[in-house]
Amino acid sequence: MITPKWDNRFMNLAKMVSTWSKDKVTGVGAVIVNDDKKVISVGFNGFARGINDDVDCRHESPEKHHWTIHAERNCILEADIPLKGMTLYCTFFTCSVCAQEITQKGLKRVVAPEPDWNHPRYGEGQRIAVEMYKEKGIEVTFYKEKVNNHIAFWEIGCGGGKVHDIVTEDKFFEYIEYYKKKLLERGEKVSGYTINKDLGLIEFDLGAENKKHLLSFGEYEINDFIFGRK
């Protein structure tokens, strides 16, 4: 089963693949994976092999549409095994032509950002693509960019320490003040704190050369700490 965590990973891979495109307006990346989370194929919008993509006029609209293969189609063409039951990730929602190929190849799921359905150029084709997917029973997941990464705070102590809490990135400073308040409630004399951004270390000054430390870790999950994967 492909979980939201893996959706994020494969979409990030598709974004990286999109940087390989030479398109002057929009680089698009696509990735096809199976249920075992194995990457089967990747593709980006670009010209066919052996075609000169250094000719400027071939990158200008409307001529470029005669030369460019869409990322989704490139991804399908690059695959050397049947794609039935697989998932396609794409950084731009599919057009109706690519949807035809996705449907014909038997993919079961498409993950991509939700498009502007009223876009004067792409909207109609994308609406038709969704209609195709619904008719064939292909699952569509509109991918939403994660706004806030999660930060885990590790309370350093004897024997190593423990996870004190996990908060979203935007709550970083608010949480430090909360932790300071908790120290005061425990009778600690906190005169202030310093933050080492390079180390992710927060040092609380308790006076008489006593210190209390928190380590902050970004983009981690609580299970990564519990099972020692990080």
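> Tell me about the overall build of the protein, residues and numbers included.
A tally of helices and strands in the protein yields 7 helices and 10 strands. When each of the 230 residues of the protein is scored for burial, the buried share is 36%. Summed over all atoms, the accessible surface of the protein reaches about 14000 Å², with 51% contributed by carbon and sulfur.

> Please provide a residue-by-residue account of the sheet that holds strand E4 (residues 109–112), values included.
One open sheet accounts for 5 strands, arranged E2-E1-E3-E4-E5; its pairing is mixed. What marks the edges here is a single partner per strand, and that holds for strand E2 (39–44) and strand E5 (139–142). On average, each strand axis in the sheet is tilted by 15° relative to the strand beside it, whichever way the strands run. Relative to E2, strand E1 (residues 29–33) is paired through 5 bridges, and the arrangement is antiparallel.

> Account for the pattern of salt bridges, naming residues and giving values.
Across all of its chains, the model carries 11 salt bridges by this definition. With a closest N to O distance of 2.8 Å, Arg109 and Asp7 form a salt bridge. Separated by 102 residues along the polypeptide, Arg109 in strand E4 and Asp7 in helix H1 (residues 4–18) bring together distant segments of the chain. Judged by relative accessible area, Arg109 falls into the buried class, the value being 9%. Accessibility expressed as a relative area gives 8% for Asp7, which makes it buried.

> Before we move on, could you go through the environment of Ile202 and cite the residues and values that matter?
Within the fold, Ile202 resides in strand E9 (residues 201–207). Assessed through its relative accessible area of 0%, Ile202 is described here as buried. Through-space distance from the C-alpha of Ile202 to that of Leu214 is 5.1 Å; in sequence the pair is 12 residues apart.

> So what about the confidence of the model for the protein? Which residues, and what values?
For the protein, the average pLDDT comes to 84, and 82% of its residues sit at 70 or higher. Ranking the elements of the protein by mean pLDDT puts helix H7 (residues 222–226) last, at 37, and E4 first, at 98. Below a pLDDT of 50 lies the segment residues 219–230, which in the model reaches 18 contacts outside its immediate sequence neighbourhood of four places, other chains included.

> Outline unusual backbone geometry, supporting the account with residue identities and numerical values.
Residue Pro62 is reached from Ser61 by a cis peptide bond, and omega for that bond is 0°. Among the structural elements, Pro62 can be located in the loop between E2 and helix H2 (64–67). One non-glycine residue, Lys37, adopts positive backbone phi at about 65°. If you trace the backbone, Lys37 turns up in the loop between E1 and E2. For Lys37, a relative accessible area of 27% puts it in the partly exposed group.

> So what's going on with helix H6 (residues 172–185)? Residues and values would help.
If you check H6, its first and last C-alpha atoms are 20 Å apart, about what 14 residues at 1.5 Å a residue would give, namely 20 Å. Turning to H6, its buried residues number three or more, namely Phe172, Tyr175, Ile176, Tyr179 and Leu183. Summarising the axial view, the buried residues of H6 lie within an arc of 105°, below the 170-degree limit, and thus occupy one face. Residues of H6 that are exposed and point more than 90 degrees away from the buried face comprise Phe173, Glu174, Lys181 and Glu185. Looking one or two residues past H6, Gly187 carries a phi angle of roughly 90°, positive in sign.

> Outline the nonpolar core, supporting the account with residue identities and numerical values.
By size, the foremost hydrophobic cluster in this structure holds 22 residues, and its most contacted members are Ile32, Leu83, Leu88, Ile102 and Tyr133. Of all the elements in the fold, those that place two or more residues in this core are E1, helix H3 (71–78), strand E3 (87–90), helix H4 (96–105), E4 and helix H5 (123–136). Not counting the four nearest positions on each side in its chain, Tyr133 is found in contact with Phe93, Thr94, Ala99, Ile102, Thr103, Val110, Ile138 and Val140. Membership of the second largest hydrophobic core comes to 10 residues, among which are Tyr175, Ile176, Ile202 and Phe204.

Criteria and cut-off values
Residues numbered from 1 in each chain as written. Predicted model: local features only at pLDDT ≥ 70, side-chain atom pairs only at ≥ 80, totals over all residues. Heavy atoms only, no water. Helix = DSSP H or I, 4+ residues; strand = E, 2+ residues; numbered from the N terminus. Buried < 20%, exposed > 50% of the residue type's maximum accessible area, 1.4 Å probe, protein only. Areas by Shrake-Rupley, 256 points an atom, 1.4 Å probe, with all protein chains shown as cover. Pairing = 2+ DSSP bridges. Axes fitted to C-alpha atoms, helices over the stretch in contact; angles between N-to-C directions. Salt bridge = Lys/Arg side-chain N within 4 Å of Asp/Glu carboxyl O. pLDDT = per-residue confidence, 0-100. Contact = heavy atoms within 4.5 Å. Expected span 1.5 Å × (residues − 1). Arc of directions from axis to C-beta. Core = buried A, V, L, I, M, F, W, Y, C linked by side-chain atoms within 4.5 Å.

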